[in-house]
Structures are given as structure tokens and as C-alpha cells.
Amino acid sequence: MFVQEGCVPEDLRPGIAAAVEGICLDVLGAGDVSIEWTVVARGYGFRGGKPSTTSLVRGRIPDGCDRGTRARFLMGIADAWRRITGAAEDEVIVSGRDWSWAG
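Note that the structure is a prediction, hence the values are computed from the model and not measured.

1. Observations regarding the packing of aromatic side chains
Note on aromatic pairs: each is described by the distance of the centres and the angle between the planes. Under the definition given, this model contains one aromatic pair. Ring centres of Trp-37 and Trp-81 lie 6.0 Å apart, and the angle between their planes is 35°; on these two criteria the pair is classed as tilted. One end of the pair, Trp-37, is in the loop between α1 (13-28) and β2 (38-40); the other, Trp-81, is in helix α2 (residues 67-85), with 44 residues separating them in the sequence. Exposure remark for Trp-37: the relative accessible area of 25% places this residue in the partly exposed category.

2. Let's talk about the state of the cysteines
As enumerated under the stated definition, the model contains zero disulfides in all. Left unpaired, Cys-65 is separated from the closest cysteine sulfur, that of Cys-24, by 11 Å.

3. As for the environment of Ile-77
Along the polypeptide, Ile-77 turns up in helix α2. Its relative accessible area of 4% is what places Ile-77 among the buried residues. Those residues in contact with Ile-77, other than ones at most four positions away along the chain, are Val-20, Ile-23, Val-57 and Val-94.

Rules of the game
- Residues numbered from 1 in each chain as written.
- Predicted model: local features only at pLDDT ≥ 70, side-chain atom pairs only at ≥ 80, totals over all residues.
- Heavy atoms only, no water.
- Phe/Tyr/Trp six-rings, centres within 6.5 Å; stacked < 30°, edge-to-face > 60°.
- Helix = DSSP H or I, 4+ residues; strand = E, 2+ residues; numbered from the N terminus.
- Buried < 20%, exposed > 50% of the residue type's maximum accessible area, 1.4 Å probe, protein only.
- Disulfide = S-S within 2.5 Å.
- Contact = heavy atoms within 4.5 Å.

Written as C-alpha cells, this is what we have:
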């Protein structure tokens, strides 16, 4: 997870991690998730010429997941992120690549 410095307080991160694990278990049937936090220092992330407040959540999804499963997974994480952090819809980007692409 890539977050802009100061945008996702450390005390919220365990709740976010628990929510992501719960969504993975619920949607994909797998709850053992490895989560890493990368903080982008102030002055290094920009959007529209202004300091960015956008977070990026990248993950992997099993090969062969149908479109509905993929959508529930991605939207579930985005919804949980916004609920926990108070971020706006355009302040979180969630992506899930297929396992086979995870080289």
C-alpha cells in the first residue's frame, strides 16, 4: 500500500489491514495476506500539480476470477478504505493483478 505522508495515520493502519484480510477471506476464500506500507514523503507525490492525497492499494487476485468476483474484491477494499480513513472516492486507487502476472 502506497500512502502519502500524513494522509493515513498509523493508528488506522491495523484496522485497514484487518478489513483487507476480511475482504480477501470473504471474496476470495483466502485470509492470510501480506501487507506492506510504503509512505511517499511530502514533496514527492503530486496530482494535478498539487501535493497528492491519493493512496494506492495493489494486490494479486487468483487467475480465472470472474469479473463479478474481481469487482467485489476491488470495490470492497476501496469502500473499506474510504470508510476507515474518511478519504474521498478519488483518493484511493485499488488494483488487483492476476497471480500469473506477479513475476
